[in-house]
Number of protein chains: 2
Amino acid sequence: MNYILRDENAIYYECGYSSDNALFLKLGSEAYFLTDSRYTVEAEEGVRGAQVVTTRELEKSASELLEKHRVKKLRYDPKEWSIYSFELLKGKSTVTFIPLIDLSHKKRIIKDSHELALLKKAAKLGRKAFSTLSKELGREGFGEDEQRLTYLARSILGSFGEYDLSFDPIVAINANAAKPHALPTKERLRKGDLLLVDAGLKYKRYCSDRTRTVFAQKGFAFDTAQSFSSRKIQKAYDTVLKAHDNAIAKARSGMKAKKVDALARGVIEKAGFGEYFVHSTGHGVGLDIHEMPYISGRSDTVIEDGMVFTVEPGIYIPGEFGIRIEDMVAMSESRAEVL
Amino acid sequence: MNYILRDENAIYYECGYSSDNALFLKLGSEAYFLTDSRYTVEAEEGVRGAQVVTTRELEKSASELLEKHRVKKLRYDPKEWSIYSFELLKGKSTVTFIPLIDLSHKKRIIKDSHELALLKKAAKLGRKAFSTLSKELGREGFGEDEQRLTYLARSILGSFGEYDLSFDPIVAINANAAKPHALPTKERLRKGDLLLVDAGLKYKRYCSDRTRTVFAQKGFAFDTAQSFSSRKIQKAYDTVLKAHDNAIAKARSGMKAKKVDALARGVIEKAGFGEYFVHSTGHGVGLDIHEMPYISGRSDTVIEDGMVFTVEPGIYIPGEFGIRIEDMVAMSESRAEVL
């Protein structure tokens, strides 16, 4: 299959190097990595199994390679290409361009042992960072606002600059946690607050992702065992934890992703909180923080050994509070192993 | 003119709010802001002059609004749209979609007084951060590697979490500075090194951008007056500074952008370093860190009062060193005023 890629992680997966201005062209047994002169030196060192082509006009040079190889058909992912760039690529070409949605993500849905080791390491570092963060917040966090707490999370998750982050951390207090994608506010953390932290880091480009919701008191820890002073919050928390544990305990290879979603959602619906679980149960994690498989009520993807995804049910009661508990799991010997 | 936007900053410019999943539709005197339920509450508070529409399927809902308004022609920017999303928008629509490259950037090329005030403030904060950073590096920076120095720059530029950054800072030592887009390495800063720092922050979403190259010794400052121990470096440095000053002193409204580029490039070419100035002289700055006008040798854009752009000539000698000096200027009463 001949194909062309332009997403940075998609390209990295093919040849072990990428830059923010690159194309990857696979033509039969040949492969080309196209980039501009700012990256030539690094590309020559880093790219494996592809010829490095330095060019100012990436699409035009790719188009010329298609001519030279007399390519008839080329697969591309219509999510990766802007209309503008794709027009430059097509030019006056006679090639038949065949759209293949999620071309690279489909290739990457099963992780090999090397990738699994990197994801395990990323998850381990992420877990360790949560532990450091709880100590720091338990000591210095009370009285600080969400913006400052987010900065602390960013610094500690990134081990003060050693690692990139998977995404900008979410640190949300009480009612702010009811927005699944909360932006940090000026609200300050007080003892007895509900505190939700969702954060991850990258180890050798592979992402971690983790969420804990805690009752913030002196010396708190990001454990799943939590005692809230409010009975309503405690009931919702216990429900989310049960949903999380149920999905992890009962997920099996061979099951459809929507069945895994139902394992979590069923618990929450049964407890009467169904309408407050407003997103899907999880998503694949790899080079991208969101990739296949998607653990949603609409996904017919069959779960297989080697897939890595999050399990992150939640209950969000607008104006009151939000709870989410998230872990990454890898499917191995048909079962979900927490990373 | 009817048009549709999907870029986050393009949409923010229209209605004072945006999210990472939004569309903006301008249909005659009506305007619509489409987003999903995660952002409804914030959107209702923040959007000005447009109706907020909450939807799971943004493109489909936009398409329905086009039908409802019996729209015949709609402008869009082919750089903003992936082929995939655009297909969803078009659906079975009978609308004529008219590509208009840089639709929003063209609207934003002249800054109004409110934007100028925000850019001035961003530049001021950026300058102040450079000053704090030099004190920190002069005290704690020697012996630290580029990755750690980059972390320090990130923390101080962002005032420890108070501001977002315009882009990830570049901190490069000696030969690493010869790569215009250097990634941080494990190389450590020693006294007597050449140190290049290129960094900026955002104030109320408007970007700052600044570069200084210095002779790193005890108590150094990010001033333009620098004395290097190497005569070759000093000659190159003096040339870059002269090019920078010449472009700023002689830029006038009514001039083509390529003329401004030539004001800097001419100085560098005359000194015999022409082949080592491998990029254009500058770029516009606003909500995006790179926007119009582009100050390049190929740009026929006519410079006007109210435009804001960088002047950042450089000399990069591979394997040896790189020098760049960058300031932001605003055109006012026909002249370039340094922000």
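Computed from a prediction, not measured in an experiment: that's the story for all the values here.

Rules and cut-offs
- Residues numbered from 1 in each chain as written.
- Chains lettered and ligands numbered in written order.
- Predicted model: local features only at pLDDT ≥ 70, side-chain atom pairs only at ≥ 80, totals over all residues.
- Heavy atoms only, no water.
- 1 Å grid on protein atoms, 1.4 Å probe; cavity = no way out; pocket = protein on both sides within 12 Å on 5 of 7 lines; lining within 4 Å.
- Points joined across faces, edges and corners; volume = space filled by probe spheres on them.
- Helix = DSSP H or I, 4+ residues; strand = E, 2+ residues; numbered from the N terminus.
- Domains from an automatic or database assignment.
- Contact = heavy atoms within 4.5 Å.
- Buried area = accessible area lost by both parts, 1.4 Å probe.
- Salt bridge = Lys/Arg side-chain N within 4 Å of Asp/Glu carboxyl O.
- Polar contact = N/O pair within 3.5 Å; in protein donor to acceptor, adjacent residues only side chain to side chain.
- Nonpolar A, V, L, I, M, F, W, Y, C, P; charged D, E, K, R; others polar.
- Least-squares fit on C-alpha atoms with pLDDT ≥ 70 in both.
- Pairing = 2+ DSSP bridges.
- Axes fitted to C-alpha atoms, helices over the stretch in contact; angles between N-to-C directions.
- Left-handed = near helix turned anticlockwise from the far one by under 90°.
- Patch = residues over 30% accessible without salt bridge, like charges linked within 9 Å, V, L, I, M, F, W, Y side chains within 5 Å.
- Areas by Shrake-Rupley, 256 points an atom, 1.4 Å probe, with all protein chains shown as cover.
- Lys, Arg positive; Asp, Glu negative; His and termini not counted.
- Charge placed at Lys NZ, Arg CZ, Asp CG, Glu CD.
- Disulfide = S-S within 2.5 Å.
- Buried < 20%, exposed > 50% of the residue type's maximum accessible area, 1.4 Å probe, protein only.
- Expected span 1.5 Å × (residues − 1).
- Phe/Tyr/Trp six-rings, centres within 6.5 Å; stacked < 30°, edge-to-face > 60°.
- Lys NZ or Arg CZ within 6 Å of the ring centre and 35° of its normal.

**Q** Which residues make up the layout of surface pockets, and what values go with them?
**A** Residues and elements named next belong to chain B. Taken as a whole, the second largest pocket holds about 250 Å³ of empty space. Looking at the second largest pocket, the residues that line it are Tyr 12, Tyr 13, Glu 14, Cys 15, Gly 16, Arg 48, Asp 112, His 114, Glu 115, Leu 118, Lys 204 and Tyr 206. Residue assignment for the lining of the second largest pocket shows that the elements contributing at least two residues are α1 (8-15) and α6 (113-141). The element contributing the most residues to the lining of the second largest pocket is α1, with 4 residues. Both domain 1 (3-107) and domain 2 (113-338) contribute no fewer than three residues apiece to the lining of the second largest pocket.

**Q** Could you give an account of the interface of chain B and chain A, with specific residues and numbers?
**A** Often, the extent of an interface is quoted as the loss of accessible area upon association of its parts. Residue-level contacts link 23 residues of chain B with 23 residues of chain A. Where chain B abuts chain A, roughly 2400 Å² becomes buried across the two surfaces, and 57% of that area is made up of carbon and sulfur atoms. The three residues of chain B that bury the most area against chain A are Ile 83, Tyr 84 and Tyr 151 of chain B, which together make up 25% of that side's buried surface. Where chain B meets chain A, there are 0 salt bridges. Seen at the junction of chain B and chain A, the total is 9 residue pairs in polar contact (both at pLDDT 80 or more). Of the residues contributing to the side of chain B that touches chain A, the split by class is 11 nonpolar, 4 polar and 8 charged.

**Q** So, the relation of the copies chain B and chain A: which residues are in play, and what are the values?
**A** Mapping chain B onto chain A calls for a screw motion: a turn of 180° about the axis and a shift of 0.0 Å along it, with 0.0 Å RMSD after fitting. Expressed as a symmetry operation, the mapping of one chain copy onto the other fits a two-fold axis. Among all C-alpha atoms of chain B, that of Ser 82 of chain B lies closest to the rotation axis, at 2.1 Å. Both copies share a contact surface, since 100% of the interface residues of chain B are interface residues in chain A too.

**Q** Could you give an account of the sheet that holds strand β11 (residues 210-216) of chain A, naming the residues involved and the relevant values?
**A** Residue and element names in this part refer to chain A. In space, the 3 strands of this open sheet follow the order β7-β8-β11, with antiparallel pairing throughout. Of all the strands in the sheet, just β7 (170-173) and β11 have a single pairing partner and so form its edges. With strand direction ignored, the average angle separating the axes of adjacent strands in the sheet is 15°. Sheet topology places strand β8 (residues 193-199) next to β11; 7 bridges connect them, and they run antiparallel. Counted as the bridge partner of Ala 199 is Arg 210 from β11. Running over the sheet, helix α7 (residues 146-157) touches β7 and β8 and is turned about 145° from β7.

**Q** Quick one: what's the story with the sheet that holds strand β8 (residues 193-199) of chain B, residue by residue and with numbers?
**A** All names here are of chain B. In spatial order, the strands read β7-β8-β11; together these 3 strands make up an open sheet with antiparallel pairing. On the outer flanks of this sheet lie β7 (170-173) and β11 (210-216), each paired with one strand and no other. Pairwise comparison of adjacent strand axes, ignoring direction, gives a mean angle of 15° for this sheet.

**Q** I'd like to hear about the packing of α6 of chain B against helix α7 (residues 146-157) of chain B, residue by residue, with values.
**A** Residue and element names in this part refer to chain B. Direction vectors running N to C along α6 and α7 enclose 145°, while the axes themselves pass 9 Å from each other. Here α6 and α7 pass one another in a crossing that is right-handed. Contacts between α6 and α7 pair Ala 129, Thr 132, Leu 133, Glu 136, Leu 137 and Gly 141 from the former with Leu 149, Leu 152, Ala 153, Ile 156 and Leu 157 from the latter. Residue classes in the contact of α6 with α7 are distributed as 8 nonpolar, 2 polar and 1 charged.

**Q** Which residues make up unusual backbone geometry, and what values do they have?
**A** All names here are of chain A. Cis rather than trans, the peptide bond between Met 292 and Pro 293 has omega equal to 0°. Among the structural elements, Pro 293 can be located in strand β13 (residues 291-295). The backbone of Asn 174 shows a phi angle near 45°, a positive value even though the residue is not glycine. Mapped onto the secondary structure, Asn 174 falls in the loop between β7 and β8.

**Q** A description of a positive patch on the surface should follow, citing residues and the corresponding values.
**A** On the surface, a cluster of positive charge is made up of Lys 121, Lys 124, Arg 127, Lys 128 and Lys 204 of chain A. As for its placement among the helices and strands, Arg 127 of chain A is situated in helix α6 (residues 113-141).

**Q** Tell me what's going on with the state of the cysteines, and back it up with residues and numbers.
**A** All names here are of chain A. The final tally for this structure, using the stated rule, is 0 disulfides over all chains. Sulfur of Cys 15: no disulfide; nearest cysteine sulfur belongs to Cys 207 and is 18 Å away. On the basis of relative accessibility, which here comes to 0%, the residue Cys 15 falls in the buried class.

**Q** Outline the side chain of Asn 176 of chain B, supporting the account with residue identities and numerical values.
**A** All names here are of chain B. With respect to the element layout, Asn 176 can be found in the loop between β7 and β8. Residue Asn 176 is classed as buried on the basis of its relative accessible area of 11%. Setting aside residues no more than four positions away along its own chain, Asn 176 makes contact with Glu 146, Ala 182, Thr 185 and Glu 187.

**Q** So what about the domain arrangement of chain A? Which residues, and what values?
**A** Residues and elements named next belong to chain A. Examined at the domain level, chain A breaks down into domain 1 (3-107) and domain 2 (113-338). For domain 1 versus domain 2, the separation of C-alpha centres amounts to 35 Å. The partner domain 2 presents 9 residues to the 9 residues of domain 1 that form the contact. Scanning the region where domain 1 abuts domain 2 turns up 0 salt bridges. Our count for the domain 1 to domain 2 interface comes out at 4 residue pairs in polar contact (both at pLDDT 80 or more). Counting residues per element, the ones that place at least two in the side of domain 1 that touches domain 2 are α1 (8-15) and α5 (103-107). The element that contributes the greatest number of residues to the side of domain 1 that touches domain 2 is α1, accounting for 4 residues. Taken together, the residues of the side of domain 1 that touches domain 2 break down into 2 nonpolar, 3 polar and 4 charged.

**Q** Please give an account of the pairing of β8 of chain B that cites residues and values.
**A** Residues and elements named next belong to chain B. Here β8 lies mainly inside the structure; 7 of its 7 residues are buried. Judged by which residues are buried, β8 turns out to be covered on both faces: Asp 193, Leu 195, Val 197 and Ala 199 on one side and Leu 194, Leu 196 and Asp 198 on the other are all buried. Bridge analysis of β7 against β8 gives 4 bridges, and the strand direction is antiparallel. Residue Ala 172 lies in a different strand from β8, and its bridge partner there is Leu 196.

**Q** If you had to explain helix α8 (residues 231-250) of chain A to someone new, which residues and values would you point to?
**A** Residue and element names in this part refer to chain A. Compared with the 28 Å implied by 1.5 Å per residue over 20 residues, the 28 Å span of α8 between its first and last C-alpha is a close match. Every buried residue belonging to α8 is among Ile 233, Gln 234, Ala 236, Tyr 237, Thr 239, Val 240, Leu 241, Ala 243, His 244, Asn 246, Ala 247 and Ile 248, and all of these are buried. Its side-chain oxygen at 3.3 Å from the backbone nitrogen of Lys 232, Ser 230 defines the N-terminal cap of α8.

**Q** Before we move on, could you go through the environment of Gly 284 of chain B and cite the residues and values that matter?
**A** All names here are of chain B. Note on placement: Gly 284 falls in strand β12 (residues 282-284). Separated by 26 residues in the primary sequence, Gly 284 and Thr 310 place their C-alpha atoms 6.3 Å from one another. Setting aside chain neighbours within four positions, we find Gly 284 in contact with Ile 289, His 290, Glu 291, Met 292, Pro 293, Val 308 and Phe 309.

**Q** So, the packing of aromatic side chains: which residues are in play, and what are the values?
**A** Counted by the stated rule, this structure contains 22 aromatic pairs over all chains. When the centroid spacing of 5.3 Å and the interplanar angle of 75° are considered together, the rings of Phe 86 of chain B and Phe 97 of chain B count as edge-to-face. Of this pair, Phe 86 of chain B sits in helix α4 (residues 83-90) while Phe 97 of chain B sits in strand β6 (residues 96-99), placing them 11 residues apart in sequence. Phe 97 of chain B shares its class with Phe 86 of chain B; the two are buried. Seen from their ring centres, Phe 220 of chain B and Phe 222 of chain B are 5.4 Å apart, and the 85° between their planes marks the pair as edge-to-face. A relative accessible area of 6% means that Phe 220 of chain B is categorised as buried. According to the relative accessible area criterion, Phe 222 of chain B is buried, its value standing at 8%. Aromatic ring contacts, followed pair by pair, group Tyr 76, Trp 81, Phe 86 and Phe 97 of chain A into a single cluster. The ring of Tyr 12 of chain A has Arg 205 of chain A sitting right over it, with the charged end atom 4.2 Å from the ring centre. Against the face of Phe 277 of chain B rests Arg 265 of chain B, its NZ or CZ located 4.1 Å from the ring centre.

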